[in-house]
Amino acid sequence: MEKEELERLERKISFLEKELYLVKRQLIQAKSEKESPVIQKAEVYKEPETQITADETTEPFIEKEPFDFSVERWLPKVFLFVLLIGSIWGFMAASQNGWVTPGLRVLTGALISIVMYALGERYSRDQRKLSITLISGSIVLAIITLFSANILYGYIGGLITNLLLILIISVGLWASHKHRSQLILCLIGTGAYLFPFIFAGDERNEWLFYGYELVLFFVLMTFSTLKRYRIAWNIHYYLLYFSLFFFAAFGVGEVTLTVLIPFAIQHAYILLLIVLNRDERVSAEMIPALVTGSFILLGLLNDIYAEIPLLYYVAFAAVYIGVSFIEPKEKKRTKDVLLVLGFLHVLLFLFEWFEYDWRFVLVAIEANALLWLAGRRESYVSFAGSFLLMMFSFLGMMTSASEDFFSVELPIFIFAFTYVYVFSRFNKEESSFLDVSTTTVKVFLTGLVMFFILRLTDFIVIDWEYTPRTTAFTVAIATLSIGYLIYGESRKDVFYRWVGISFLALALVKFFLADLVFLDFTIRAMILIPIGVIGLVLSRILYKKK
């Protein structure tokens with residue numbers, strides 16, 4: 001934050017210097033013209049005339065500065081680190097030799113922390129870097145000292161420790177606000193999250209731990225959001241994950257419904273921040289956290305329950321989709337991600353509720369609905385989600401039995417053609433975000449038609465013997481080729497003409513290389529004579545001279 005402010009001030013100073021230089025040159029030129037109008041100014045250096053716009057007055061372009069290795073920035077931190085390490089080794093040596101009692105150690109740590117904070121406040125005006133370093137170090141040392149007094153030596157109980165911790169965090173928040181320092185806020189979160197020492201010893205309480213962590217999370221996350229501290233925001237968000245998982249895996253907690261509750265509250269709070277915050281840039285920073293939280297909740301539920309309750313999918317699908325429609329149009333990325341997450345939970349609901357193959361039909365319907373919303377919102381994220389849903393529906397269709405053609409496959413093909421139609425409709429609009437060539441759409445549609453013909457043929461010949469069955473696919477491809485040739489000629493479409501010719505060539509190659517050796521002369525004649533006659537007629541129609 002401090003670096004950003006300094007850079008902004010430097011840009012303003014640089015711009016003012018340029019303006020002052022231009023004004024100075026104009027005054028010199030005006031004075032010269034007034035005093036000696038007949039003398040030409042041959043040696044006067046002329047600045048290139050640049051028109052200053054409103055954007056340049058606020059954000060003038062300057063070359064990016066190299067990374068700051070200044071002594072003022074790094075030297076205090078180096079010496080503070082050296083001081084802390086030396087102090088720790090000194091206390092260890094004193095403890096081994098019996099020179100310092102445990103009580104004196106705690107008292108010394110507290111006094112040093114207070115002195116460092118006082119010195120940091122004193123140097124805040126003229127030596128800001130040193131001041132922030134001292135204040136940050138005092139907060140860390142205070143938390144370590146409190147940890148020692150409670151855990152290592154047992155001098156203070158849980159209640160006093162809790163009150164002192166609240167005091168340290170409050171002082172740290174005030175110092176971060178006063179000095180506009182993100183570093184202090186980050187260190188507060190790191191120390192407070194990773195040292196939940198008020199729950200150690202005989203006072204371990206799972207609910208008290210989760211309550212403490214959530215209160216700390218609410219305070220630090222709200223403060224970081226208001227101050228627009230990106231680094232602190234992410235630290236405080238993901239440190240709660242680490243603390244809860246560590247407590248459940250290695251502490252007294254277990255991965256039960258109790259663990260799920262604080263995660264769900266955290267996720268709901270992130271959704272609330274997204275709704276209340278109208279800045280797209282800030283909400284975009286919350287999107288990775290939102291997606292991470294959604295999948296973590298699903299993973300925890302899958303570990304806790306043998307089957308995740310259907311009410312969970314319904315509730316979260318309604319929340320995600322509802323918030324997506326509530327969000328304003330300006331927050332496009334947030335709306336898109338929320339919509340896709342909502343449709344993902346709808347998909348999980350369908351697969352948890354239905355146990356039959358025709359649930360893939362519902363997935364195809366869902367894909368069309370998401371594609372339609374993607375076209376209305378011009379969303380690449382929603383379009384990608386709809387495409388994956390349609391491919392998932394096709395994958396389920398390919399694994400189903402061929403006997404279910406009319407109940408499963410045919411409806412999916414119908415919705416697949418509808419999907420291509422909706423896509424083409426949005427793609428033809430002048431302001432379309434898709435901008436896909438017509439040839440690409442035709443190729444995709446051709447592949448879909450061929451796949452449909454092959455699946456239909458497979459359903460028809462499922463009980464046939466092997467040799468006639470393989471030949472039936474050849475006949476189907478040849479029939480498809482004739483259909484494309486007729487359609488291409490009627491529409492005067494060169495693409496479909498070549499598709500028909502290609503399919504006809506494929507059918508002939510398959511017939512002569514794979515099918516011919518298994519067929520007698522009668523069947524060979526019954527197949528080749530009609531194809532030859534139809535081919536001659538089509539050739540006459542397609543290539544006749546006008």
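Residues numbered from 1 in each chain as written. Predicted model: local features only at pLDDT ≥ 70, side-chain atom pairs only at ≥ 80, totals over all residues. Heavy atoms only, no water.

## Regarding the packing of aromatic side chains
Link 1 in the chain: Inspection of the entire model under this criterion finds 31 aromatic pairs.
Link 2 in the chain: Relative to Phe452, the ring of Phe405 lies with its centre 6.3 Å away and its plane at 35 degrees, an arrangement referred to as tilted. Residue Phe405 is located in helix 16 (residues 405–427), and its partner Phe452 is located in helix 17 (residues 438–460); the two are separated by 47 residues in the primary sequence.
Link 3 in the chain: Here Phe405 falls in the buried class, since its relative accessible area comes to 1%.
Link 4 in the chain: By the ring-pair criterion, three or more aromatic residues cluster together here, those being Phe217, Phe218, Trp233, Tyr237, Tyr238, Tyr241, Phe263 and Tyr269.
Link 5 in the chain: One residue, Arg377, lies across the ring of Phe325, its end atom 4.7 Å from the ring centre. (Phe/Tyr/Trp six-rings, centres within 6.5 Å; stacked < 30°, edge-to-face > 60°. Helix = DSSP H or I, 4+ residues; strand = E, 2+ residues; numbered from the N terminus. Buried < 20%, exposed > 50% of the residue type's maximum accessible area, 1.4 Å probe, protein only. Lys NZ or Arg CZ within 6 Å of the ring centre and 35° of its normal.)

## Some points on the nonpolar core
Link 1 in the chain: Ranked by internal contacts, the top residues of the largest apolar core, which has 69 residues, are Phe217, Trp233, Tyr237, Phe263, Ile270, Leu290 and Tyr312.
Link 2 in the chain: Among all residues touching Phe217, those that are not within four sequence positions of it are Tyr193, Thr222, His236, Tyr237, Leu240, Gln266, Tyr269 and Ile270.
Link 3 in the chain: With 30 residues, the next largest nonpolar core counts Phe394, Val422, Leu434 and Phe452 among its residues. (Core = buried A, V, L, I, M, F, W, Y, C linked by side-chain atoms within 4.5 Å. Contact = heavy atoms within 4.5 Å.)

## Examining the packing of helix 13 (residues 332–353) against helix 14 (residues 359–377)
Link 1 in the chain: Helix 14 packs onto helix 13 with a crossing angle of 170 degrees between their chain directions and a minimal axis gap of 10 Å. With respect to helix 14, the axis of helix 13 lies roughly antiparallel. Residues Lys332, Lys335, Asp336, Leu339, Phe343, Leu344, Val346, Leu347, Leu350 and Phe351 of helix 13 form the contact with helix 14, whose participating residues are Arg359, Phe360, Leu362, Val363, Glu366, Ala369, Leu370, Leu373 and Arg377.
Link 2 in the chain: Per-class residue counts for the contact of helix 13 with helix 14 are 13 nonpolar, no polar and six charged. (Axes fitted to C-alpha atoms, helices over the stretch in contact; angles between N-to-C directions. Parallel < 35°, antiparallel > 145°, perpendicular 65-115°, else oblique. Nonpolar A, V, L, I, M, F, W, Y, C, P; charged D, E, K, R; others polar.)

## Section: the side chain of Lys442
Link 1 in the chain: Here Lys442 lies in helix 17.
Link 2 in the chain: Within the structure, the side chain of Lys442 is placed 2.6 Å from the side chain of Asp493, a separation counted as a polar contact.
Link 3 in the chain: Once residues lying within four places of it in the same chain are set aside, the contact partners of Lys442 are Asp493, Phe495 and Tyr496. (Polar contact = N/O pair within 3.5 Å; in protein donor to acceptor, adjacent residues only side chain to side chain.)

## Quick word on the packing of helix 10 (residues 257–276) against helix 12 (residues 310–326)
Link 1 in the chain: Between helix 10 and helix 12, whose axes approach to 11 Å, the crossing angle comes to 15 degrees. As far as their axial angle goes, helix 12 and helix 10 are roughly parallel. You can see that helix 10 and helix 12 cross each other, and the crossing is left-handed. Contact with helix 10, carried on its side by His267, Leu271 and Val275, involves Phe316, Val319, Tyr320 and Val323 of helix 12 and no other residues of that element. (Left-handed = near helix turned anticlockwise from the far one by under 90°.)

## Brief notes about the environment of Leu338
Link 1 in the chain: In this structure, Leu338 sits in helix 13.
Link 2 in the chain: In sequence terms Leu338 and Leu271 are 67 residues apart; their C-alpha atoms lie 9.8 Å from each other.
Link 3 in the chain: Excluding residues within four positions of it along the chain, Leu338 makes contact with Leu271, Leu290, Tyr320, Ile321, Val323, Ser324 and Glu327.

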